[in-house]
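A look at the structure
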Amino acid sequence: MNKLYLVIIAILTSIVTFSQTIRLTNGNYFQDGRFKHYANVYIKDGKFTFIKPKVIDTTINLENKFIIPPFAEGHTHKIDNPKEVGPDINAFVKQGVFYAFVLNNFSSNVKSNRNELLNSKKIEVAFANGGITVTGQHPSFVYERIISDIKEWWLPENTAKIKNSRKGENDAYWFMDNIEEVDKKWEAYLKTKPDVVKVYLMNVNKNETQNPKTLSENTVSYIVKKAKASNLRVVAHIESLDDLKVGLRCGISIFGHMPHYNVNFSKELPADFQFTELEKKIIKKLRPVIIPTLSFNDEFSIVRNEKNNYQGELDTASFNRSLRFQKTAIKSLHQNGFKFAIGSDREYFMSELLYWFKNNFFSYEDILTIATKETPKLIFPTRKLGEFKEGFEASFLVLNQDPLKNIQALKSIELLIKQGKLIVAK
Ligand SMILES: [Zn+2]
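The rules behind the values
- Residues numbered from 1 in each chain as written.
- Predicted model: local features only at pLDDT ≥ 70, side-chain atom pairs only at ≥ 80, totals over all residues.
- Heavy atoms only, no water.
- Donors = N, O, S within 2.8 Å, 3.2 Å for Na, K, Ca; no water.
- Helix = DSSP H or I, 4+ residues; strand = E, 2+ residues; numbered from the N terminus.
- Buried < 20%, exposed > 50% of the residue type's maximum accessible area, 1.4 Å probe, protein only.
- Salt bridge = Lys/Arg side-chain N within 4 Å of Asp/Glu carboxyl O.
- Arc of directions from axis to C-beta.
- Contact = heavy atoms within 4.5 Å.

**Side note on the coordination of the zinc ion**
- Surrounding the zinc ion are the protein donor atoms His75 (NE2), His77 (NE2) and Asp345 (OD), at 2.1 to 2.5 Å.
- For the zinc ion, the donor residues sit on a single chain with the sequence spacing H-x1-H-x267-D. Taken as a pair, histidine 75 in strand 5 (residues 71–76) and aspartate 345 in the loop between strand 14 (339–340) and helix 12 (349–358) lie far apart in primary sequence, 270 residues in all.
- On the basis of relative accessibility, which here comes to 1%, the residue histidine 75 falls in the buried class.
- The exposure class of aspartate 345 is buried, given its relative accessible area of 18%.

**As for the pattern of salt bridges**
- One pass over the structure, following the stated rule, counts 19 salt bridges.
- Of the charged contacts, one joins glutamate 393 and arginine 383 as a salt bridge, the two residues approaching to 2.8 Å between their closest N and O atoms. Pair noted here: glutamate 393 is in the loop between helix 13 (364–379) and strand 15 (396–399) and arginine 383 is in the loop between helix 13 and strand 15, with a separation of 10 residues, a long-range link.
- Of the charged contacts in the structure, one is a salt bridge between lysine 389 and glutamate 387, with a shortest N-O distance of 2.9 Å.
- A single network of salt bridges, built from pairs that share partners, joins Glu124, Arg383, Glu393 and Lys418.

**Here's the deal with helix 4 (residues 140–148)**
- Of the positions making up helix 4, those classed as buried are Ser140, Tyr143 and Glu144. For helix 4, the angular spread of buried residues about the axis comes to 100°, placing them on one side.
- Close packing links the buried residues of helix 4 with helix 5 (156–164) and strand 9 (173–175).
- Downstream of helix 4 by one or two residues, aspartate 149 has phi in the positive range, about 60°.

See below:
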């Protein structure tokens, strides 16, 4: 443990009953895509100020280290199982993540989890609670699998058992096959108090009217209206480019994956996405955000199937082809006016972040901006997060080295401060 850390721990843990005013000297702050040196920045009532307060309780010398806003995880399913929430919180803190979008979870767990988050005062979470889909479709199998606790779930006799179970219905997922069902279940759904509404669009162009495999455009459009009436935003899970377009037409501006994120890359895909003039107009108006979940590619196989027990991995040729697809797709979506947030949908946020850096999906400056400014703002749009500006929340990470020159610096965070207070991972 180094000197700076010990000094700051002593200072920040000694003040308990009143809010102290802190002067931070000699820091390099990440702002507007670059590090800017400030001799003095102040923290008053947990917020940054550049106006020198009359009284300064404490001065902390940042020793020319590199200061970035905390990260946000834009797509996770952690902070759900109450037995794991404590370790989950600490895992996020260790990675410098202070905010998270939980894009589907058991709503029956959310009350106690919200309490635990409040007590820990370390990270803040917006929950989607149970996602809205059609009868028997994703994500119901995933949650029934969790409930069943069957290890070899892919064996045919087990999948049949899991498929027939509906124990998590109206909790981890909701079946709303048509507008009538939405009307019938909406009140009960709202009672779970979601922070954001999650809907599933899964190859809507291939949908069958007899046994629908996805919510229809009509139903989603109706859900969006209902959500708006309750001041709730909607996040769409999408599979294809058509799903994205349907979502846009319904007025959805947050997408939990990018089109074809989870495709079998045995065939080449048209990554140069085309949009009609009308669609371009909608994009301009909505300024939609895509959370592309790119690092799926890195560890998980996109060619998982029954034959390999869903455990297969990508061979190098398929991996490279999928990476090529991802790069072209991201570029095309960017050029068409989409904004981006970062989310892993995986065990660790940091693996997603490093995958973006490693493969240069954007410039280092832009990736850091997405991870520390755009994503926190997406999760908590009304708060002043992710920037070192007057009145913004005084939350930040201290790094020893310039992460734009050495991204490994992101893996060893020296200090974490949240609203002017020290945060320690257990
Ligand atoms: Zn997910």
